[in-house]
Amino acid sequence: MNFDTWFHSQNKIVQIVLLIIPFVGWIVDLLVRWSAFIKKQTLVNLVMALVITILGGFWILTILDAVMIWLNNKLFLEE
């Protein structure tokens, strides 16, 4: 699964737009987090994938990810 590689190869504006659309942002965040965990199985990636899976509908986490993409080109707590 290379969805995280595809996501990070996109333009920063495209990444932010994909994250701030309410339902689409949650799905994109899920795919990126689980893809990152499959590639690099660390505890941080697992915890964040589970948090997004369980609490991702609260939309605040995807907004936090969009802000982190804007500031430093990676998702919040992504390794």
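No experiment lies behind these values; they were computed from the predicted model shown.

Details of the pattern of salt bridges
Phase 1: The final tally for this structure, using the stated rule, is three salt bridges.
Phase 2: A salt bridge links Asp29 to Arg33, with the shortest nitrogen-to-oxygen separation between them at 3.5 Å. Within this pair, Asp29 and its partner Arg33 are both found in helix α3 (residues 22-39), separated by four residues, close to a single helical turn. Neither Asp29 nor Arg33 differs from the other in exposure class; each is buried.
Phase 3: Close ionic contact of Arg33 with Asp65 constitutes a salt bridge, the shortest N to O distance being 2.9 Å.

What about the confidence of the model for the protein chain?
Phase 1: In this model, the protein chain carries an average pLDDT of 88, and 99% of its residues clear a pLDDT of 70 or more.
Phase 2: Within the protein chain, the lowest mean pLDDT, 88, falls on helix α5 (residues 60-72), and the highest, 91, falls on helix α2 (residues 12-20).

Things to note about the side chain of Asp29
Phase 1: Classification of Asp29 by relative accessible area gives buried; the value is 0%.
Phase 2: In this structure, Asp29 is in contact with Leu19, Ile52, Leu61, Thr62, Asp65 and Leu75, ignoring residues within four places of it in sequence.

Parameters at a glance
Residues numbered from 1 in each chain as written. Predicted model: local features only at pLDDT ≥ 70, side-chain atom pairs only at ≥ 80, totals over all residues. Heavy atoms only, no water. Salt bridge = Lys/Arg side-chain N within 4 Å of Asp/Glu carboxyl O. Helix = DSSP H or I, 4+ residues; strand = E, 2+ residues; numbered from the N terminus. Buried < 20%, exposed > 50% of the residue type's maximum accessible area, 1.4 Å probe, protein only. pLDDT = per-residue confidence, 0-100. Contact = heavy atoms within 4.5 Å.

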